[in-house]
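Summary of the model geometry
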Amino acid sequence: MFVSYLILTLLHVQTAVLARPGGESIGCDDYLGSDKVVDKCGVCGGDNTGCQVVSGVFKHALTSLGYHRVVEIPQGATKINITEMYKSNNYLALRSRSGRSIINGNWAIDRPGKYEGGGTMFTYKRPNEISSTAGESFLAEGPTNEILDVYMIHQQPNPGVHYEYVIMGTNAISPQVPPHRRPGDPFNGQLVTEGRSQEEGEEKGRNEEKEDLHGEAPEMFTSESAQTFPVRHPDRFSPRRPDTLVPPAPQLPRRSRDHNWKQLGTTECSTTCGKGSQYPIFRCVHRSTHEEAPESYCDSSMKPTPEEEPCNIFPCPAFWDIGEWSECSKTCGLGMQHRQVLCRQVYANRSLTVQPYRCQHLEKPETTSTCQLKICSEWQIRTDWTSCSVPCGVGQRTRDVKCVSNIGDVVDDEECNMKLRPNDIENCDMGPCAKSWFLTEWSERCSAECGAGVRTRSVVCMTNHVSSLPLEGCGNNRPAEATPCDNGPCTGKVEWFAGSWSQCSIECGSGTQQREVICVRKNADTFEVLDPSECSFLEKPPSQQSCHLKPCGAKWFSTEWSMCSKSCQGGFRVREVRCLSDDMTLSNLCDPQLKPEERESCNPQDCVPEVDENCKDKYYNCNVVVQARLCVYNYYKTACCASCTRVANRQTGFLGSR
């Protein structure tokens, strides 16, 4: 009677709740219209103060290939999210602190899927769509029961890895989400919590029972979601609900002791191999006939709870697990790429690496393959050889060679194989060159303005093209280089006459040389020296010119001596000495042993005052005058001339010696 009343009461409450206008949702506290949600710490209505969210981005620039640690996930971490910021050819890897590989260990790349590790289940995602830019990720709800390390298998520049997880703080409290029962658990109605009234507890119990009666709410939470923080969803009521919101009251048959629960077989195994699970099936049957009857004939509180049983525990057949191809060994042209192929077997929902002989019944996939990212650029000869640079003998010729891409563009030479570059310059032999005398025209001016002179020309033996240097071997018939000429007699003509140049004024470096230039009148057999003014209408040849001999090299240069520091009793004087090269710049190539002195003594004579016979002391006590410093007065300077003069000389000598 009580059960019937309870069922009718629950149906009435459910009808009233479902009939409320506005479609109010149920909060995480199981109250209709409540807006409470579960925070990151798993606390219903919490403000995230009961935990600590740890997040960051691993952006280190990596240089070497291989495994590089990204972040450590501590024990007890929840809400774990490790995600590459952009797609790359790198891979994420996960291992326990004990050294056990969980995902992508030992240079083996695992397939995306679910992997157990650290007491939780990790979801490994690797988007492979061509248009997708998303990177790899590890997701897990936690909590972890040991320390885990996340690594990156580095193959190309690191795009960045974002990591985030939640750890409980010192002021954390346990999640306050009501527990959800498995299908088949008996309802006990004890949902009254501390701080709530009995009426609230009964109301909540009726709502919970109502969900169990329809058999819908428990289906929202699978065995996997039992590890997460459960969150109630507004759409938890099945969309397949009948149109009639108020179902008719069930006709409950009278229970008797003639029926009881009996196991009638089991469910199908969840897997065909590798250790699956199955559950016993319990039905209500007649005690005597064992005929199956409606479940209402049996006491529901006595129905056994189905327990999971292992099945098909033998391992699945071994299979070849194929890893990802490595990058191509060449950026263009035919290269090689590699991948790892491992023999694996699945047992207890885990894929284990086994000895290769277990996969001998299967053809092993190739571990190497050829690859070509693009066609390499190639050398092209754009022009024919030019003509030889010389008409005879050995010269050179050139041609234009360019590095061209597969689409015809000229690119840098580095993109082509330099070892295969065709020559763009080579020697060419045009045969022996004929040698002959080459002559210039005779000079137009005679060497003498009057009288006998000569005209000249240049004569050189060379080949018959202008690029060769003068050669020997044109024979002994060398053409004449001078021919006589005569501009008439020189009688009475006035001109400048220049003598020969003198020797250069210095032995090395730049100097000057002179010559004598005189004005003369040339007669038939003699020269008459005239005043220079007679030749003033003519341009006078220079009488001095610069001359340059061999370089002198670095030399010591010094300034004049300074004044002596003292006029007597020994002083000193100084000068500056420098080493200068031919271009008058400082040098360090001078011989240190030849360096002139930079300081010397001077005025070593004593400071003896001149004796003046007329300067005598005329006062008997001149020492008192000196001590009283009265010598500044003319009267005492005259009366005590000798004493005052000695004092003045001593003071002068003292000052000069300082």
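Rules behind the numbers
Residues numbered from 1 in each chain as written. Predicted model: local features only at pLDDT ≥ 70, side-chain atom pairs only at ≥ 80, totals over all residues. Heavy atoms only, no water. UniProt positions renumbered as here; feature names shortened; annotations may be inferred. Helix = DSSP H or I, 4+ residues; strand = E, 2+ residues; numbered from the N terminus. Buried < 20%, exposed > 50% of the residue type's maximum accessible area, 1.4 Å probe, protein only. Contact = heavy atoms within 4.5 Å. Disulfide = S-S within 2.5 Å. Patch = residues over 30% accessible without salt bridge, like charges linked within 9 Å, V, L, I, M, F, W, Y side chains within 5 Å. Areas by Shrake-Rupley, 256 points an atom, 1.4 Å probe, with all protein chains shown as cover. Salt bridge = Lys/Arg side-chain N within 4 Å of Asp/Glu carboxyl O. Phe/Tyr/Trp six-rings, centres within 6.5 Å; stacked < 30°, edge-to-face > 60°. Lys NZ or Arg CZ within 6 Å of the ring centre and 35° of its normal. Pairing = 2+ DSSP bridges. Axes fitted to C-alpha atoms, helices over the stretch in contact; angles between N-to-C directions. Core = buried A, V, L, I, M, F, W, Y, C linked by side-chain atoms within 4.5 Å. pLDDT = per-residue confidence, 0-100.

- An unreviewed UniProt entry lists the protein under the name Thrombospondin type-1 domain-containing protein 4, with Cercocebus atys as the source organism.
- Per UniProt, the protein carries the Function (unreviewed entry) text "Promotes FBN1 matrix assembly. Attenuates TGFB signaling, possibly by accelerating the sequestration of large latent complexes of TGFB or active TGFB by FBN1 microfibril assembly, thereby negatively regulating the expression of TGFB regulatory targets, such as POSTN."
- We quote the UniProt Subcellular location (unreviewed entry) comment for the protein here in full: "Secreted, Extracellular space, Extracellular matrix".

1. Side note on the environment of M430
- Mapped onto the elements, M430 comes out in the loop between β24 (425-429) and β25 (435-439).
- You can call M430 partly exposed: its relative accessible area is 42%.
- In sequence terms M430 and G395 are 35 residues apart; their C-alpha atoms lie 7.6 Å from each other.
- Look past the residues within four positions of M430 in its chain and what remains in contact with it is C388, V390, P391, C392 and G393.

2. Digging into the state of the cysteines
- What the rule picks out here adds up to 17 disulfides.
- Between the sulfur of C273 and that of C316 lies a disulfide, 1.9 Å long from S to S. Taking the torsion about the sulfur-sulfur bond, which here is approximately 100°, the covalent link between C273 and C316 counts as right-handed. Pair noted here: C273 is in the loop between β11 (259-266) and β12 (276-278) and C316 is in the loop between β14 (309-311) and β15 (319-322), with a separation of 43 residues, a long-range link.
- Overall, C273 belongs to the buried group, its relative accessible area being 14%.

3. Describing a nonpolar patch on the surface
- Taken together, the side chains of V57, M85 and Y86 define a hydrophobic patch exposed on the protein surface, amounting to about 280 Å² of accessible area.
- Mapped onto the elements, Y86 comes out in the loop between β3 (78-84) and β4 (91-96).

4. So, the pattern of salt bridges
- Throughout the structure, instances matching the rule amount to 20 salt bridges.
- One salt bridge in this structure joins R111 and D321, with 3.3 Å as the shortest N-O distance. Here the residue R111 occupies a position in the loop between β5 (101-103) and β6 (113-117), and D321 occupies one in strand β15, the gap between them amounting to 210 residues.
- Judged by its relative accessible area of 46%, R111 is partly exposed.
- For D321, a relative accessible area of 7% gives the class buried.
- R421 is the salt-bridge partner of D413, the closest N and O atoms lying 3.9 Å from each other.
- For D413, a relative accessible area of 27% puts it in the partly exposed group.
- Using a relative accessible area of 24% as the deciding quantity, one classes R421 as partly exposed.
- When salt bridges with common partners are traced through the structure, they connect R69, E72, R97 and D149 into a single cluster.

5. Here's the deal with the packing of aromatic side chains
- Applying the stated rule across the entire model yields five aromatic pairs.
- Judged by centre distance (6.2 Å) and plane angle (40°), the rings of F497 and F527 are tilted. With a gap of 30 residues between them, F497 in strand β29 (residues 493-498) and F527 in strand β32 (residues 527-530) connect regions that are remote in the sequence.
- Judged by relative accessible area, which is 43%, F497 ranks as partly exposed.
- Judged by centre distance (5.0 Å) and plane angle (45°), the ring pair of Y619 and Y620 falls under tilted.
- Judged by relative accessible area, which is 75%, Y620 ranks as exposed.
- The aromatic ring of F572 is capped on one face by R599, whose charged end is 3.7 Å from the ring centroid.

6. Some points on the sheet that holds β5
- Spatially, the four strands line up as an open sheet ordered β2-β9-β4-β5, and their pairing is antiparallel. The open sheet has two edge strands with one neighbour each: β2 (66-73) and β5. Neighbour-to-neighbour, the strand axes of this sheet turn through a mean angle of 30°, independent of strand direction.
- In terms of strand pairing, β4 meets strand β9 (residues 148-154) through six bridges, oriented antiparallel. Residue pairing in the sheet places S96 in a bridge with L148 of β9.

7. Thoughts on the nonpolar core
- Membership of the largest hydrophobic core comes to 29 residues, with the highest contact counts inside it found for I80, I82, L94, I103, F122 and F138.
- Considering each element in turn, this core owes the most residues, five residues, to β9.
- Every residue in contact with I103, bar those within four places of it in the chain, is listed here: A93, L94, D110, Y115, F122, Y124 and F138.

8. Overview of the sheet that holds strand β10 (residues 161-168)
- Spatially, the six strands line up as an open sheet ordered β1-β10-β3-β8-β7-β6, and their pairing is antiparallel. Taken across any chain shown, the strands that pair with only one partner, and hence form the sheet edges, are β1 (51-58) and β6. Going from strand to strand, the sheet's axes swing by 20° on average, the running direction of each strand aside.
- Bridge analysis of β3 against strand β8 (residues 137-140) gives four bridges, and the strand direction is antiparallel. In the strand pairing of β8, T83 is matched with S137.

9. A word on the confidence of the model for the protein
- Taken over all residues, the pLDDT of the protein has a mean of 77, while the share at 70 or more is 78%.
- Looking across the protein, the model is least confident in helix α2 (residues 198-214), with a mean pLDDT of 38, and most confident in β8, with 95.
- For the stretch residues 1-23, pLDDT sits under 50, and the model shows 25 contacts to residues farther than four places along the chain or on other chains.
- Low pLDDT, under 50, characterises residues 171-255; the predicted model gives this stretch 115 contacts beyond four residues in sequence or across chains.

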